[in-house]
Amino acid sequence: MALTFDCGASGTPTPAILEALRQAEVRVTFFITGQWATTNPDLTRQIAAEHEIANHSWSHRDFSQLSDQEIRTEMERTEAAIAYVAGVSTKPFWRAPFGSRNARILSAVH
């Protein structure tokens, strides 16, 4: 079983979530948007020190509405931002915003 969290909105509840996970000795995966990582660099570093980080796109746009290049840009910007802020890679894990995925999206992300 895997427990995951999405980080793309407010960072306000994150410290309490991290403390609860620490108390329970549970390690999870956080799917983080690039915008969230750059807005919350200290939290991103804290998450990276204790948990796995995965890519949740730059701006949480619906991939079914984007071109292949726009999808790649969303993913690449996020990878670069998280690597810069926290010194870790999100690869190979990612989560499509809104769960929007099909063969074309999977191909673009791959």
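Because the structure is a prediction, the values reported are computed rather than measured. (Residues numbered from 1 in each chain as written. Predicted model: local features only at pLDDT ≥ 70, side-chain atom pairs only at ≥ 80, totals over all residues. Heavy atoms only, no water.)

Comments concerning the sheet that holds strand S2 (residues 29-32)
And step 1. Strands sit in the order S1-S2-S3 across an open sheet of three strands; the sheet is parallel. At either end of the open sheet lies a strand with only one pairing partner, and these are strand S1 (4-7) and strand S3 (52-55). Across the sheet, the mean angle from the axis of one strand to that of its neighbour is 30°, orientation sign disregarded.
And step 2. Inspection of the sheet shows S1 paired to S2 by four bridges, in the parallel sense. Residue pairing in the sheet places Asp6 in a bridge with Phe31 of S2. (Pairing = 2+ DSSP bridges. Helix = DSSP H or I, 4+ residues; strand = E, 2+ residues; numbered from the N terminus. Axes fitted to C-alpha atoms, helices over the stretch in contact; angles between N-to-C directions.)

Quick look at the pattern of salt bridges
And step 1. According to the stated counting rule, one finds seven salt bridges in the structure shown.
And step 2. Of the charged contacts in the structure, one is a salt bridge between Glu19 and Arg22, with a shortest N-O distance of 2.5 Å. A residue pair is termed a helical-turn pair when its members lie 3 or 4 positions apart in one helix, as Glu19 and Arg22 do in helix H1 (residues 14-24) at three residues.
And step 3. Given the relative accessible area of 34%, Glu19 is considered partly exposed.
And step 4. Residue Arg22 is classed as partly exposed on the basis of its relative accessible area, which comes to 33%.
And step 5. Linking Glu70 and Arg61 is a salt bridge whose minimum nitrogen-to-oxygen distance equals 3.9 Å.
And step 6. The class for Arg61 is partly exposed, based on a relative accessible area of 38%. (Salt bridge = Lys/Arg side-chain N within 4 Å of Asp/Glu carboxyl O. Buried < 20%, exposed > 50% of the residue type's maximum accessible area, 1.4 Å probe, protein only.)

Some remarks on the pairing of S2
Regular strands have side chains that alternate between both faces of the sheet.
And step 1. Along S2, one buried face is formed by Thr29 and Phe31 and the opposite face, lined by Phe30 and Ile32, is buried too.
And step 2. As for the winding sense of the linkage, the β-α-β connection from S1 through H1 to S2 is right-handed.
And step 3. In this structure, S2 lies alongside S3, joined through four bridges in parallel fashion. Opposite Thr29, over in S3, you have Glu52 as the bridge partner. (Right-handed = clockwise from strand over helix to strand, strands pointing away.)

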